[in-house]
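Results of the structural survey
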Amino acid sequence: QVQLVESGGGLVQAGGSLRLSCTASGSVWVFGTMGWYRQGPGKQRELVAEAESTSGGRRNYAASVKGRFIISRDNAKNTVSLQMNSLKPEDTAVYYCRAVLIGLDYWGQGTQVTVSS
């Protein structure tokens, strides 16, 4: 059974940094696309960043985080991380890890990130 477990959320002041990590388990295969989505208060869930599984593979960022957030993967450990720098109050949201395996989507339970002004 595939499970995604996130960690690293919390409360930080504007301008600060946080690092989110997600570990996928329950598969002997390397996951395909892995990434992060977020859902702010009263908003729809949106893509933050995603990464393909291949070395040097495509990285895709939302315009609002480009230049501030960096996504990275460790395929050997089936982990994906999100380094978030220069955080802004509008980055406040629940952040969800997503992983694709053989065409199926899997989601983590979410981790809260709160940025105070």
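To be clear, the structure that these remarks concern was listed above.
Presented here is a report on the structure given in the accompanying data block. (Residues numbered from 1 in each chain as written. Predicted model: local features only at pLDDT ≥ 70, side-chain atom pairs only at ≥ 80, totals over all residues. Heavy atoms only, no water.)

Under the counting rule described, the total for this entry stands at 1 disulfide. The disulfide partner of Cys 22 is Cys 97, and the S-S distance across this bridge is 2.1 Å. On the sign convention where negative means left-handed, the S-S torsion of about -80° between Cys 22 and Cys 97 marks this disulfide as left-handed. In this pair, Cys 22 sits in strand β3 (residues 18–25) while Cys 97 sits in strand β9 (residues 93–101), placing the two residues 75 residues apart along the sequence. Cys 22 sits in the buried class, given a relative accessible area of 0%. (Disulfide = S-S within 2.5 Å. Helix = DSSP H or I, 4+ residues; strand = E, 2+ residues; numbered from the N terminus. Buried < 20%, exposed > 50% of the residue type's maximum accessible area, 1.4 Å probe, protein only.)

What follows deals with the side chain of Thr 33. Among the secondary structure elements, Thr 33 is positioned in the loop between β3 and β4 (34–39). Residue class for Thr 33 comes out buried when judged on its relative accessible area of 16%. Dropping the residues within four chain positions of it, Thr 33 is found in contact with Glu 50, Ala 51, Glu 52, Arg 73, Arg 98, Ala 99 and Val 100. (Contact = heavy atoms within 4.5 Å.)

Looking now at the pairing of strand β10 (residues 104–107). Bridge analysis of β9 against β10 gives 4 bridges, and the strand direction is antiparallel. Paired with Arg 98 across the strands is Trp 107, a residue of β10. Linking β9 back to β10 in an antiparallel pair, the connection comprises 2 residues, with Ile 102 at a positive phi of about 50°. (Pairing = 2+ DSSP bridges.)

Moving on, we get to the sheet that holds strand β8 (residues 79–84). Strand order in the open sheet formed by 4 strands is β1-β3-β8-β7, with antiparallel pairing between adjacent strands. Edge strands, defined here as strands with exactly one partner in the open sheet, are β1 (3–7) and β7 (69–74). Across this sheet, the average inter-strand angle for adjacent strands is 15°, counted without regard to direction. Pairing geometry for β7 and β8, over 6 bridges, is antiparallel. (Axes fitted to C-alpha atoms, helices over the stretch in contact; angles between N-to-C directions.)

Another aspect to go through is the nonpolar core. By size, the foremost hydrophobic cluster in this structure holds 29 residues, and its most contacted members are Trp 36, Val 48, Phe 69, Ile 71, Leu 82, Met 84 and Tyr 95. Counting residues per element, the ones that place at least two in this core are β3, β4, β5 (46–51), β7, β8, β9 and β11 (111–116). Sorting elements by how many residues they give to this core places β9 first, with 5 residues. Setting aside residues up to four positions removed in sequence, Phe 69 forms contacts with Arg 38, Val 48, Tyr 61, Leu 82, Gln 83, Met 84, Asn 85, Leu 87, Asp 91 and Tyr 95. (Core = buried A, V, L, I, M, F, W, Y, C linked by side-chain atoms within 4.5 Å.)

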